[in-house]
Number of protein chains: 2
Amino acid sequence: MAFDTPLPLRSGAVMPGYALMVETYGTLNANATNAVLVCHALNASHHVAGMYGEDPKTAGWWDNMVGPGKPLDTRRFFVIGVNNLGSCFGSTGPTSIDPATGRPWGSRFPVITVEDWVDAQARVLDRLGVTRLAAVMGGSLGGMQALSWTMRHPERVAHCVACATTPSLSAQNIAFNEVARRAIITDPEFHGGDYYAHGVVPRQGLSVARMIGHITYLSDDTMASKFGRSLRGGALGYGYDVDFQIESYLRHQGEKFSGYFDANTYLLLTRVLDYFDPAAEHGGDLAAALASARARFLLVSFTTDWRFSPERSREIVRALLANRREVSYAEIASPHGHDAFLMDEPHYHDVIRAYFERITRDLALEDVA
Amino acid sequence: MAFDTPLPLRSGAVMPGYALMVETYGTLNANATNAVLVCHALNASHHVAGMYGEDPKTAGWWDNMVGPGKPLDTRRFFVIGVNNLGSCFGSTGPTSIDPATGRPWGSRFPVITVEDWVDAQARVLDRLGVTRLAAVMGGSLGGMQALSWTMRHPERVAHCVACATTPSLSAQNIAFNEVARRAIITDPEFHGGDYYAHGVVPRQGLSVARMIGHITYLSDDTMASKFGRSLRGGALGYGYDVDFQIESYLRHQGEKFSGYFDANTYLLLTRVLDYFDPAAEHGGDLAAALASARARFLLVSFTTDWRFSPERSREIVRALLANRREVSYAEIASPHGHDAFLMDEPHYHDVIRAYFERITRDLALEDVA
């Protein structure tokens, strides 16, 4: 979807005309009351569910959650995936041409915020004829967008489903992001963000950044049970090549990621995370920030998520209760750390499924397919 | 201290003649029964206590613990600090000349292990006329050396004091080390470890490595209370320069460290950590590994240490109890994470002080100064 009207950004900058990749699933009902916006996290895209052709590798990033008969059932709901502004899966971002210079934006691409994304998504809904969402849903950074929707466009959201998220990054969260950024920015192939012109990518820095991120997505327990101290070759090598399975795994993750993800986008998305802090404008009072919300809420956290721990979800729950909002909260026992929100955990999926059945009743929805 | 006799290493390599920096405090008594070996962790040295001249910046790394009237009282104990083989504070290491090539060892310096260090330290004791230690003491990687002493030279250790340590790194611990190594090795200024010949140092990689390490030394709580989401300039910059105080702090730590620490030594010391695993030779049975120990033990851990958590110390305690060893264990409530072992925490220092008074009685020691 191309948008000609410039988008004013929270930074004060203005995004000129831009395009967003959008993918939808299911059918919008006659009253347009069954739409669910699914917001993606750091490295995902508009491709939420389904496959392109027969290749299972092309499955959407939340394909276990969204589809016919799945917890978010596309026989009943019209699901919308949007690749956010600044990302690198077809939407306008740092790799796009800046009309003012005729060259790729690079690191000069404006720093976006969660609020800017929400505003851009609202225009997508307008285009699709969706006035009010049955639900906005997301995990991690996607959960931040879901929360922001309820504050920024309260009349347009019936329900908010936010998983494994936080009302703001902690100092430790920011610290990990900053190290990742330093790894990218200090890679000589970064060229101040203009690596496109040099025909290179800061692959090593991006790889290190991803390795750092990956450690924070997994729990200590998962790493212990999946890799432990297992050696790849059966004996110590007494050198700096791969000895342990965990090293091999992380290197592989880093290399794979640096082969498809844009480094400037990575910088941008970590800043989007850092900057999200709706309470800040209200003297640090999250309840005051959420006072405008009118939605009903489901919050889900995972016991071993040390990136955005259950305590951070409980902060949100408490702030919503202080506003007498209706809120359901599930703290799922899972060994899988932050990544659990993307996984097919039966108890978790049951909770989401039950909640969407409740939305179905609330909004008196019927199957459309 | 120069040593001409080659040192056989666990890897199968042999270290030719080498030199170790040694610093001692207090006076060895007539029977040589009051010696305490203090083992250093990653980035410390032989300079355990005291100052060089008047400059407080030159204080030893454990000066709050070791000195006249301090928990490890140098009026009574003869304290020995050794800069370990492979380190970069004057002992033979990667920056030293390899006699076989006439060039600096660089990354060809043999990969050392905790056990090799212990053997090298034993030769230092021989030279000093110390047959048996009143105690061997260390924190973190230093605690591993203290534990190893009790297994490798059981008759030479009366007491072992091991703080904030672990019987082996977890997969997550190794993961952080591996990312740090990748940051160094993929820095183009690393030149395969031969950066000395190029007149450069892999400063950016070393800086990123240190930033990663630093995050793991502090607790989430400490970071939250010390930095939180405080901004350095009072407003968001909407860019990738420093916005948050935590970013400024970490960058400063990284830059400072990369100005004085050798990158090859950093690689080496992370491998020493990775490889320590005394249980591995006994089918993973730590109690079997510790069966040879004859010392009495004090183990100390800190509640918010998520690098080497209290649970890891408890593993050691259980393995010692299975061997009917005498072991005292203190789990100190501290907000300071792994770094707590270096800090002046009253309860912690009281425990150490009391334990050294017990050693005094055990060995019938008297003040020598």
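The structure under discussion appears in the preceding block.
Reading guide: rules and limits
- Residues numbered from 1 in each chain as written.
- Chains lettered and ligands numbered in written order.
- Predicted model: local features only at pLDDT ≥ 70, side-chain atom pairs only at ≥ 80, totals over all residues.
- Heavy atoms only, no water.
- Salt bridge = Lys/Arg side-chain N within 4 Å of Asp/Glu carboxyl O.
- Helix = DSSP H or I, 4+ residues; strand = E, 2+ residues; numbered from the N terminus.
- Buried < 20%, exposed > 50% of the residue type's maximum accessible area, 1.4 Å probe, protein only.
- Least-squares fit on C-alpha atoms with pLDDT ≥ 70 in both.
- Contact = heavy atoms within 4.5 Å.
- Pairing = 2+ DSSP bridges.
- Axes fitted to C-alpha atoms, helices over the stretch in contact; angles between N-to-C directions.
- Expected span 1.5 Å × (residues − 1).
- Parallel < 35°, antiparallel > 145°, perpendicular 65-115°, else oblique.
- Left-handed = near helix turned anticlockwise from the far one by under 90°.
- Nonpolar A, V, L, I, M, F, W, Y, C, P; charged D, E, K, R; others polar.

**Some remarks on the pattern of salt bridges**
Step number 1: For the structure shown, the criterion picks out 48 salt bridges over all chains.
Step number 2: One salt bridge in this structure joins Glu115(A) and Arg10(A), with 3.8 Å as the shortest N-O distance. Of the two residues, Glu115(A) is situated in helix 1 (residues 114–128) and Arg10(A) in the loop between strand 2 (7–8) and strand 3 (14–15); the sequence distance between them amounts to 105 residues.
Step number 3: Between Arg181(B) and Glu178(B) there is a salt bridge, with its nearest N and O atoms 3.4 Å apart. Of this pair, Arg181(B) and Glu178(B) both sit in helix 3 (residues 171–185), 3 residues apart, which is roughly one turn of that helix.
Step number 4: Glu178(B) sits in the buried class, given a relative accessible area of 0%.
Step number 5: The network of salt bridges with shared partners includes Glu178(A), Arg181(A), Arg271(A), Asp274(A), Asp243(B), Glu247(B) and Arg251(B).

**Looking at the relation of the copies chain A and chain B**
Step number 1: Mapping chain A onto chain B calls for a rotation angle of 180 degrees and an axial translation of 0.0 Å; the resulting RMSD is 0.0 Å. Taken together, the rotation and translation describe the operation of a two-fold axis.
Step number 2: The share of interface residues of chain A whose copies in chain B are also at the interface is 100%, consistent with both copies meeting through the same surface.

**What about the sheet that holds strand 15 (residues 327–332) of chain B?**
Residues and elements named next belong to chain B.
Step number 1: Strand order in this open sheet of 7 strands is 5-9-6-12-13-14-15, and the pairing throughout is mixed. Every other strand in the sheet has two partners, leaving strand 5 (22–25) and strand 15 as the edge strands with one partner each. Neighbour-to-neighbour, the strand axes of this sheet turn through a mean angle of 15 degrees, independent of strand direction.
Step number 2: Bridge count for strand 6 (residues 35–39) against strand 9 (residues 78–82) is 4 bridges, and the pairing is parallel. If you follow Ala35 over to strand 9, its bridge partner there is Phe78.
Step number 3: Its contacts with the sheet put helix 1 (residues 114–128) on strand 5, strand 6 and strand 9, and the angle it makes with strand 9 is roughly 135 degrees.

**Quick look at the environment of Pro335(B)**
Residues and elements named next belong to chain B.
Step number 1: Along the chain, Pro335 falls in the loop between strand 15 and helix 10 (346–362).
Step number 2: The partly exposed category is assigned to Pro335, whose relative accessible area is 41%.
Step number 3: Considered as a pair, Pro335 and Ala122 are 213 residues apart in the sequence and their alpha carbons are 36 Å apart.
Step number 4: Not counting chain neighbours up to four residues away, the residues in contact with Pro335 comprise Ser219, Asp221, Thr222 and Thr304.

**Here we look at helix 3 (residues 171–185) of chain A**
Step number 1: With 15 residues, helix 3 of chain A extends 20 Å between its outermost C-alpha atoms, agreeing within 8% with the 21 Å of an ideal straight helix rising 1.5 Å per residue.
Step number 2: Among the 15 residues in helix 3 of chain A, 14 count as buried, and that is most of the element.

**Quick word on the packing of helix 3 of chain A against helix 7 (residues 263–275) of chain A**
All names here are of chain A.
Step number 1: It is the contact of helix 3 with helix 7, at a shortest axis distance of 10 Å, that shows an interaxial angle of 160 degrees. Taken as axis vectors, helix 3 and helix 7 run roughly antiparallel relative to one another. In this structure, helix 3 meets helix 7 at a crossing whose hand is left-handed. From helix 3, Ile174, Asn177, Ala180, Arg181, Ile184 and Ile185 reach across to helix 7, where they touch Ala263, Tyr266, Leu267, Thr270, Arg271, Leu273 and Asp274.
Step number 2: Grouping the amino acids of the contact of helix 3 with helix 7 by side-chain chemistry returns 8 nonpolar, 2 polar and 3 charged.

Remember, this is a structural readout, not a statement about activity or role.
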